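Summary of the model geometry
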Amino acid sequence: MAVTLLDQLTSLRTLLIPETAWTKGAAALDEDGVVALSIDDEAVCFCLYGAARRIAILEPIPEEVDVVTFVIENLKVDGYENFATFNDAEETTHQDVLAFIDRLTTQQMRLGAA
């Protein structure tokens, strides 16, 4: 069965669930806190963009809009210029990131049920 956008959103949340798996200021970090590529096996901590990129690459979907595109489109609707202006904002918390993903997941579930 093909991977869907909803699957990618679910994987995105799962990847970022432990607060220790989320970061600001770098797409991805290894266990020593050194910057890594988000698709590296050593990467254990991700910003929203790094996590979305990892999921988009490791769980590709046949649809034109993948998790990276979907997230950035919704961030722009919310008034953010890009991933960093949301994820790296001083006031943004881990819970804010998870709530944002939850909102997108709910939105996608409603679209799928329509």
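Residues numbered from 1 in each chain as written. Predicted model: local features only at pLDDT ≥ 70, side-chain atom pairs only at ≥ 80, totals over all residues. Heavy atoms only, no water.

1. Remarks on the nonpolar core
Core analysis: the biggest nonpolar cluster contains 28 residues, and Leu-12, Leu-16, Leu-48, Val-67, Val-71, Leu-75 and Phe-83 have the highest contact counts within it. At the level of secondary structure, the elements contributing two or more residues to this core comprise helix H1 (5-16), helix H2 (48-58), helix H3 (67-77), helix H4 (83-87) and helix H5 (94-113). Leave out the neighbours within four places in its chain, and Leu-16 touches Ala-21, Trp-22, Phe-46, Leu-48, Ala-51, His-94, Val-97, Leu-98 and Ile-101. (Core = buried A, V, L, I, M, F, W, Y, C linked by side-chain atoms within 4.5 Å. Buried < 20%, exposed > 50% of the residue type's maximum accessible area, 1.4 Å probe, protein only. Helix = DSSP H or I, 4+ residues; strand = E, 2+ residues; numbered from the N terminus. Contact = heavy atoms within 4.5 Å.)

2. Things to note about a nonpolar patch on the surface
On the surface, Leu-37, Ile-39, Ile-57 and Leu-58 cluster together into a nonpolar patch covering about 360 Å² of accessible area. Turning to its location among the elements, Leu-58 is positioned in helix H2. (Patch = residues over 30% accessible without salt bridge, like charges linked within 9 Å, V, L, I, M, F, W, Y side chains within 5 Å. Areas by Shrake-Rupley, 256 points an atom, 1.4 Å probe, with all protein chains shown as cover. Salt bridge = Lys/Arg side-chain N within 4 Å of Asp/Glu carboxyl O.)

3. Quick word on the packing of aromatic side chains
Two numbers describe a pair of aromatic rings. These are the distance of the centres and the angle of the planes. In the structure shown here, the tally under the stated rule is 3 aromatic pairs. With a centroid separation of 5.1 Å and 70° between ring planes, the pair formed by Tyr-49 and Phe-83 is classed as edge-to-face. A residue pair is termed long-range when its members are at least 10 positions apart, and Tyr-49 in helix H2 and Phe-83 in helix H4 qualify at 34 residues. With 5.1 Å between their ring centres and 65° between their planes, Tyr-80 and Phe-86 make a pair best called edge-to-face. (Phe/Tyr/Trp six-rings, centres within 6.5 Å; stacked < 30°, edge-to-face > 60°.)

4. Considering the environment of Gly-50
Considering the arrangement of structural elements, one finds Gly-50 in helix H2. By relative accessible area, which is 0% here, Gly-50 ends up buried. Each C-alpha atom, one on Gly-50 and one on Phe-100, is 15 Å from the other, the two residues being 50 residues apart in sequence. Once residues lying within four places of it in the same chain are set aside, the contact partners of Gly-50 are Ala-27 and Ser-38.

5. Section: the pattern of salt bridges
Overall, the coordinates contain 2 salt bridges when judged by the stated rule. For the salt bridge of Asp-102 with Arg-13, the shortest nitrogen-to-oxygen distance reads 2.4 Å. Within this pair, whereas Asp-102 is found in helix H5, its partner Arg-13 is found in helix H1, the two being separated by 89 residues in sequence. Given the relative accessible area of 25%, Arg-13 is considered partly exposed. Salt-bridge contacts for Asp-78 lead to Arg-103; the nearest nitrogen and oxygen are separated by 2.9 Å.

6. Quick look at the packing of H1 against H2
A packed helix pair is summarised by two numbers, namely the angle formed by the two axes and the spacing between the axes. For the pair H1 and H2, the least separation of the axes is 9 Å and the interaxial angle reads 130°. As far as their axial angle goes, H2 and H1 are oblique. By crossing handedness, the relation of H1 to H2 is classed as right-handed. Of the residues in H2, those in contact with Gln-8, Ser-11, Leu-12, Leu-15 and Leu-16 of H1 are Leu-48, Ala-51, Ala-52, Arg-54, Ile-55 and Ala-56. Residues belonging to the contact of H1 with H2 are distributed by class as follows: 8 nonpolar, 2 polar and 1 charged. (Axes fitted to C-alpha atoms, helices over the stretch in contact; angles between N-to-C directions. Parallel < 35°, antiparallel > 145°, perpendicular 65-115°, else oblique. Left-handed = near helix turned anticlockwise from the far one by under 90°. Nonpolar A, V, L, I, M, F, W, Y, C, P; charged D, E, K, R; others polar.)

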